[in-house]
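# Fold and geometry: a report
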Amino acid sequence: MIRVDGVSVAYGAVQALRDVSLEAATGAITAVLGANGAGKTTLLRTISGLATPRSGTVSMDEVVLTGKRTEDIVRVGVGHVPEGRGVIAEFTVEENLRLGAMIAPGPLGEALAQQYEWFPVLGERRKQAAATLSGGERQMLAMARALIAGPSVLLLDEPSLGLAPLVTAQLMHTVADLCSTTGLTVILVEQNARSALRIAERAVVLYLGRVVADDEAAVVARDDQLRQYYLGMVE
Amino acid sequence: MSALLTSRNVADLLGGVTNGVIYSLVALSLVLVWRSTRILNFAQGAMAMIATYIGFAILAPSTNYWISMAVAIVAGMVLGGATERVIVRALYGKPEINPVVAMVGFLLVLESVAAAIWSTSSRGLPTPFSMVDWQLNHKPVAMSPFALYEIITAVVVMSIIAVLFEYTKLGLQLRAAAIAPEVSRLLGVRVGRMLTLGWMLSSGVGAITAVLVASNYFTGLTPTTMDGVFAFGFIAAAIGGLDSPVGALVSGVAMGVVLQFVGDYLNSNAIILVALGMLVVSLMLRPNGLFSAERQRRV
Amino acid sequence: MGPVQANQRFVATTVLSVLVVLTSWLGVAAPRDAAALSVAAVIVVIGVSLLTASGFRRDHPVATRAVLSLVTVDVLVAASSFWSATVNSNLAIGAAMSIVLLGLSFLTGSSGQISIGNGAFMGVGAFTVAIWANHHTSTPIAVVLLLAVVAGGLVGLLLGLPATRLRGPYLAGMTLAFAVAFGAILNLFGSWTGGDSGLQLPYAVNAPPWVVHFYSSATSSLTVNSVWLADVAIVTTGVALFFMANLFASRTGRAMRLVRDNDVAAELVGISLPRARVVAFVVSAAYAALGGGLWTIINNAVTPSTYGFALSITILSLVVIGGIGTIPGAIIGGVIYAFSANVISWITAHTGLNPQGNVASQLNGIIFGVLLVVTILFAPMGIAGIVRRWFARRSR
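Report on the accompanying structure. On a predicted model such as this, the values are computed, not experimentally measured, just so you know.

### Some thoughts on the overall build of chain C
Of the regular secondary structure elements, chain C holds 18 helices and two strands. Residue burial in chain C is summarised as follows: out of 396 residues, 51% are buried. Of the roughly 18000 Å² that chain C leaves accessible, carbon and sulfur atoms contribute 69%.

### Quick look at the pairing of strand β1 (residues 2–11) of chain A
All names here are of chain A. The buried count for β1 comes to seven of ten residues, which makes it a mostly enclosed element. Sheet analysis places β1 next to strand β2 (residues 14–24), joined by seven bridges and oriented antiparallel. What sits directly across from Val 9, in β2, is Leu 17. Hairpin connection from β1 to β2: two residues lie between these consecutive antiparallel strands, with Gly 12 at a positive phi of about 60 degrees.

### Overview of the sheet that holds strand β4 (residues 55–60) of chain A
All names here are of chain A. Taken in spatial order, the four strands of this open sheet run β2-β1-β4-β5, and their pairing is antiparallel. A strand with exactly one partner marks an edge of an open sheet, and here the two such strands are β2 and β5 (63–64). Each of β1, β2 and β4 is contacted by helix α1 (residues 40–47), which is oriented at about 115 degrees to β1, the strand it contacts most.

### So, the packing of helix α5 (residues 85–111) of chain C against helix α11 (residues 221–249) of chain C
For any two helices packed against each other, the geometry comes down to the angle between their axes and how far apart the axes lie. Residues and elements named next belong to chain C. Following both chains from N to C, one finds α5 and α11 inclined at 20 degrees, their axes separated by 9 Å at the closest point. By the criterion of interaxial angle, the relationship of α5 to α11 is roughly parallel. In this structure, α5 crosses over α11, and the sense of that crossing is left-handed.

### A word on the arrangement of the chains
Here two pairs of chains are in contact, and chains B and C lead that list by number of contacts. Separated without contact, chain A and chain C have their nearest C-alpha atoms at a distance of 20 Å.

### Section: the interface of chain B and chain A
In many analyses, interface size is given as the accessible surface area lost on bringing the parts together. With 17 residues of chain B at the interface, the matching set in chain A holds 22 residues. In total, about 2000 Å² of surface goes out of reach between chain B and chain A, with carbon and sulfur atoms giving 62% of it. Arg190(B) is paired through a salt bridge with Asp72(A); the nearest N and O atoms lie 2.9 Å apart. Connecting chain B to chain A are six residue pairs in polar contact (both at pLDDT 80 or more). For the side of chain B that touches chain A, the secondary-structure elements that each account for two or more residues are α7 (169–179) and α8 (181–186) of chain B. The class makeup of the residues in the side of chain B that touches chain A is nine nonpolar, three polar and five charged.

### Digging into the side chain of Thr225(B)
All names here are of chain B. The topology assignment puts Thr 225 in helix α10 (residues 225–240). A distance of 3.4 Å separates a polar atom in the side chain of Thr 225 from the backbone oxygen of Gly 220. A polar contact of 2.5 Å, which involves the side chain of Thr 225, links it to the backbone nitrogen of Thr 222. Those residues in contact with Thr 225 that lie beyond four places of it in its chain are Val 213, Thr 219 and Gly 220.

### Section: the environment of Met278(B)
All names here are of chain B. You can see Met 278 is positioned in helix α12 (residues 271–285). Sequence-wise, Met 278 and Ile 235 are 43 residues apart; in three dimensions their C-alpha atoms are separated by 8.4 Å. If near-sequence neighbours (up to four positions away) are discounted, Met 278 is found in contact with Ile 239, Met 255, Val 258 and Leu 259.

### A few points about the nonpolar core
Nonpolar side chains in soluble globular proteins generally cluster together in the buried interior. Membership of the largest hydrophobic core comes to 200 residues, with the highest contact counts inside it found for Phe42(B), Met103(B), Phe178(C), Trp295(C) and Tyr307(C). Residues Val121(A), Leu147(A), Val175(A) and Leu197(A) belong to the second largest nonpolar core, which totals 48 residues.

### With respect to the environment of Ser29(B)
Residue and element names in this part refer to chain B. Considering the arrangement of structural elements, one finds Ser 29 in helix α2 (residues 8–37). In this structure the C-alpha to C-alpha distance between Ser 29 and Val 78, which are 49 residues apart in sequence, comes to 15 Å. If we ignore the near neighbours within four places in the chain, the residues touching Ser 29 are Gln 44, Ser 202, Val 205 and Gly 206.

### Focus: unusual backbone geometry
Although it is not a glycine, Asp19(A) adopts a positive phi angle of roughly 50 degrees. Along the chain, the position of Asp19(A) falls in strand β2. One non-glycine residue, Arg38(B), adopts positive backbone phi at about 55 degrees. Mapping Arg38(B) onto the fold places it in the loop between α2 and α3 (44–58).

### Description of a nonpolar patch on the surface
Residues and elements named next belong to chain B. Judged by side-chain polarity, Trp 134, Leu 148, Ile 152, Val 156 and Ile 160 come together as a nonpolar surface patch covering roughly 450 Å² of accessible area. Along the polypeptide, Leu 148 turns up in helix α6 (residues 145–167). A relative accessible area of 34% means that Leu 148 is categorised as partly exposed.

### What about the pattern of salt bridges?
Residues and elements named next belong to chain A. Evaluation of the coordinates by the stated rule reveals 14 salt bridges over all chains. Measuring nitrogen to oxygen at the nearest pair gives 3.6 Å for the salt bridge that ties Lys 40 to Glu 158. Of this pair, Lys 40 sits in helix α1 while Glu 158 sits in the loop between β7 (153–157) and α7 (165–182), placing them 118 residues apart in sequence. In terms of burial, Lys 40 and Glu 158 fall into one category: buried. Put simply, Glu 94 and Lys 127 hold a salt bridge, and the shortest N to O gap is 4.0 Å. Of this pair, Glu 94 sits in helix α3 (residues 93–100) while Lys 127 sits in the loop between α5 (120–124) and α6 (135–147), placing them 33 residues apart in sequence.

### Focus on the packing of aromatic side chains
The description of two aromatic rings rests on the distance between their centres and on the angle between their planes. Considering all chains together, one arrives at 21 aromatic pairs over all chains under this definition. Note on Tyr53(B) and Trp118(B): the rings are 4.4 Å apart at their centroids and 5 degrees apart in plane angle, and the pair reads as stacked. Here Tyr53(B), found in helix α3, pairs with Trp118(B), found in helix α5 (residues 97–118); they are 65 residues apart in sequence, far enough to count as distant. Like Trp118(B), Tyr53(B) is buried. With centroids separated by 6.2 Å and ring planes inclined at 15 degrees, the aromatic side chains of Phe261(B) and Tyr265(B) adopt a geometry described as stacked. Here Tyr265(B) and Phe261(B) lie together in helix α11 (residues 245–265), a separation of four residues that amounts to about one turn. By relative accessible area, which is 26% here, Phe261(B) ends up partly exposed. Of the aromatic side chains, those joined through ring pairs into one cluster are Phe56(B), Tyr65(B), Trp66(B), Phe129(B), Phe146(B) and Tyr149(B). In this structure, Arg8(B) is placed above the aromatic ring of Tyr265(B), and the distance from its NZ or CZ to the ring centre is 4.0 Å. Directly above the aromatic system of Phe91(A) lies the positively charged group of Arg175(B), at a separation of 4.7 Å from the ring centroid.

### What about the packing of α2(B) against α10(B)?
All names here are of chain B. In the contact formed by α2 and α10, the axes pass within 8 Å of each other and the chain directions differ by 70 degrees. Between α2 and α10, the crossing angle belongs to the class labelled roughly perpendicular. Here α2 runs over α10; the crossing is right-handed. Between α2 and α10, the contacting residues are Ile 22, Tyr 23, Val 26, Ala 27 and Leu 30 on the first element and Val 229, Phe 230, Phe 232, Gly 233, Phe 234, Ala 236 and Ala 237 on the second. Tallied by class, residues from the contact of α2 with α10 come to eleven nonpolar, one polar and no charged.

### Quick word on the interface of chain B and chain C
In this complex, chain B contributes 51 residues to the contact, which on the side of chain C involves 49 residues. Here chain B is connected to chain C by zero salt bridges. One can count one residue pair in polar contact (both at pLDDT 80 or more) joining chain B with chain C. Within the residue set of the side of chain B that touches chain C, elements represented by two or more residues are α5, α10 and α12 of chain B. Per-element tally for the side of chain B that touches chain C: the top contributor is α5(B), with 17 residues. A breakdown of the residues in the side of chain B that touches chain C according to their chemical character gives 37 nonpolar, ten polar and four charged.

### Describing the sheet that holds strand β6 (residues 78–81) of chain A
All names here are of chain A. Overall, mixed pairing links the six strands, which are arranged β6-β7-β8-β3-β9-β10 in an open sheet. Edge positions in the sheet fall to β6 and β10 (210–216), since each has one partner strand and no second. Strand after strand, the sheet turns through a mean of 15 degrees between neighbouring axes, direction not considered. Of the pairings in the sheet, the one linking β7 to strand β8 (residues 185–190) comprises five bridges and is parallel in character. Paired with Leu 156 across the two strands is Leu 188, which belongs to β8. Taken strand by strand, α6 contacts β6 and β7, and its axis lies near 165 degrees from that of β6. Each of β3 (29–33), β7 and β8 is contacted by α7, which is oriented at about 160 degrees to β8, the strand it contacts most.

About the thresholds
- Residues numbered from 1 in each chain as written.
- Chains lettered and ligands numbered in written order.
- Predicted model: local features only at pLDDT ≥ 70, side-chain atom pairs only at ≥ 80, totals over all residues.
- Heavy atoms only, no water.
- Helix = DSSP H or I, 4+ residues; strand = E, 2+ residues; numbered from the N terminus.
- Buried < 20%, exposed > 50% of the residue type's maximum accessible area, 1.4 Å probe, protein only.
- Areas by Shrake-Rupley, 256 points an atom, 1.4 Å probe, with all protein chains shown as cover.
- Pairing = 2+ DSSP bridges.
- Contact = heavy atoms within 4.5 Å.
- Axes fitted to C-alpha atoms, helices over the stretch in contact; angles between N-to-C directions.
- Parallel < 35°, antiparallel > 145°, perpendicular 65-115°, else oblique.
- Left-handed = near helix turned anticlockwise from the far one by under 90°.
- Buried area = accessible area lost by both parts, 1.4 Å probe.
- Salt bridge = Lys/Arg side-chain N within 4 Å of Asp/Glu carboxyl O.
- Polar contact = N/O pair within 3.5 Å; in protein donor to acceptor, adjacent residues only side chain to side chain.
- Nonpolar A, V, L, I, M, F, W, Y, C, P; charged D, E, K, R; others polar.
- Core = buried A, V, L, I, M, F, W, Y, C linked by side-chain atoms within 4.5 Å.
- Patch = residues over 30% accessible without salt bridge, like charges linked within 9 Å, V, L, I, M, F, W, Y side chains within 5 Å.
- Phe/Tyr/Trp six-rings, centres within 6.5 Å; stacked < 30°, edge-to-face > 60°.
- Lys NZ or Arg CZ within 6 Å of the ring centre and 35° of its normal.

In structure tokens:
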């Protein structure tokens, strides 16, 4: 379980997060929704230690993460697939995965085989430079690279960005599958609220750095006001 | 066959390769830190020179050549790591001339301190192999045991670096930290350590280079021994592309050969002028170097 | 500023002028010297009253810079006649160095580039003067110095052409290679440059008769000439300073600062970026050559070893310690250079170092190197930046 408690983050004079608190339950998908600039990416960066909060704490199963370095937070079991995927284009698919597997406990061969089983297309292209992959394949690679380290929490930042609706649907399906089969805790940041709400158990809506809603995904999905004002979902 | 091997052109070629591998090593050393920290280490030569003094001037002159060399390499790596931690770390994210100025300042400090301790007069290093050219039918071939030693050492160093970067877990992390520091941190790579390690490796390569240069009987070791070598090494690195190790190696050797012919057929004083001209022309045609994959900057 | 204040200032400056003239009459024996000093004092008074006049600095920026340069030159020229030959020689060398630093400061301040080869560009000017003077003995100094400027600018253009497309560290490395190569280049053209031994000027640049006329016959010609050389350097520096101040403030100068801050954006605004960069580089090379030309005249000779790599590093150190990218920084750097040798020997004497020893001979490099690293890490705008911040804090 990830607990964010009263976190405020500022970049210079810009307040990105104001007193944000939320919980992401173990083995469930928590969607974090909101428009551009709502503070969604900052929230994930704060959890993984890339951003330092002015106040508040982040903890995972009673272990306080705030104040630790990103490199150490990752080792505790937080996998973060960053905005824009962060695939290293100069590396081959397998090199990207090998890098991700660096902090994995088990033998490399098994870990790779596991990912190739989940994402067969990556196995087919393992010797190719990541630069040659399509957008959807890159997203899979980014996810596989985070998963290969065996995290208990996965932070996904806008996985659907730039993907075709069909690919997005497939991807969301994979995420839901992973979650139910491995007991992974997922925090899914999305601008594409509809597809995220479809697979999430819980949804948190951010607006200008504040939490404006925190409820079951089904409830948020039915709330017309939320949908219109904060999620821009116009029928 | 023997006439060919002793001909003037082949002599130039062999001599050029011998000089060229030295330029390649300096270029490689520069590329190793440029790739990861975007800093052109103007103190590279001076740091290597200090390492060589530590290996060969602090230890008793009777010390075994190879022990001295090992000490120089270790000293170079320690100096490189310390430089990254103390000076370079304070320069990340600063305007790009700040590191230039800082490293030139460091160069001045190192050369002055070396001259203060060991004086500016040249110190001969023991030469581990004969510098007399081999003979073929009583004619000299432009290759001596010492020259071969230089070439083999360069090849070994380059191979070690290549294997380390391409085939090891550590090399994967070093490359990742250089290309995508933030993503690397998210995957658990200790980027700060990788940068320090990159500087250590670079300085280790530098120390070996300086030992090779100073072991040459005709050069010897002075506080400014590496100034000229550094200039050629930089030119090779810039022509090849500061972020391309392969470019560094190829252009270093190519430059050594071209300049050997220039020196032989034109005038030895024209060598560096021609090198400078090659640099100007190549930078105008390809500002990021011949072997670079770097894209032009955009807003 | 109201008319009353302006009046008060006028009265104050008039009183000051009378005082200055009176003290110069009292202090100097020969009426001729006193007359010259009076002229100098009057120039100061007129200059200061203009500069303090209401609105003058705002309405006439170019004239302000001219007056400022003139007053500075006037004071230094007047002062030089009282100083010893040693001080004057230091002053001349330092003033010439200030010109070099002005050029480098402009390069960095306007385009964010740096050169580690300005010692070699100085050498270009120094050798141009010596070579020309050896072939044409009757050319006036001013013309020979102009030739040095042109030669420096041309070599700068040749090397600066890649600057159109280069980013900082590459250009810096290229200038470093030029600095290292300069000795070999001089040797390559040994029949003109005199190879390792360099060149002597075929004649000494001495004070012309109308200047000698001002001095009493008891004054030695050595003193007269040392003053004259200092004055030549001071006047040249004044002219260079005037042009540079205008260049810094000009549209081109401001445009170039935009280039420095963000070159891609500057291109969108419509500034020809490659040209701006090359112009800055050429100006810095030409200024360096002017300084080098002056050195040849002051020393009456030129040796290649003067213009080695070490000089280029010294120039970089001075400009950074003084305050890079600023005019005051360049002047401060020149002053530091003029008197650094004295300071070093003072340190040597007071620490009991063997003046002939290794440590003493390297003290200069160690001190400058450490200062350079410390400055760029902790006070990147140098002394000028520290002073400016201090004033800003005080006036707040």
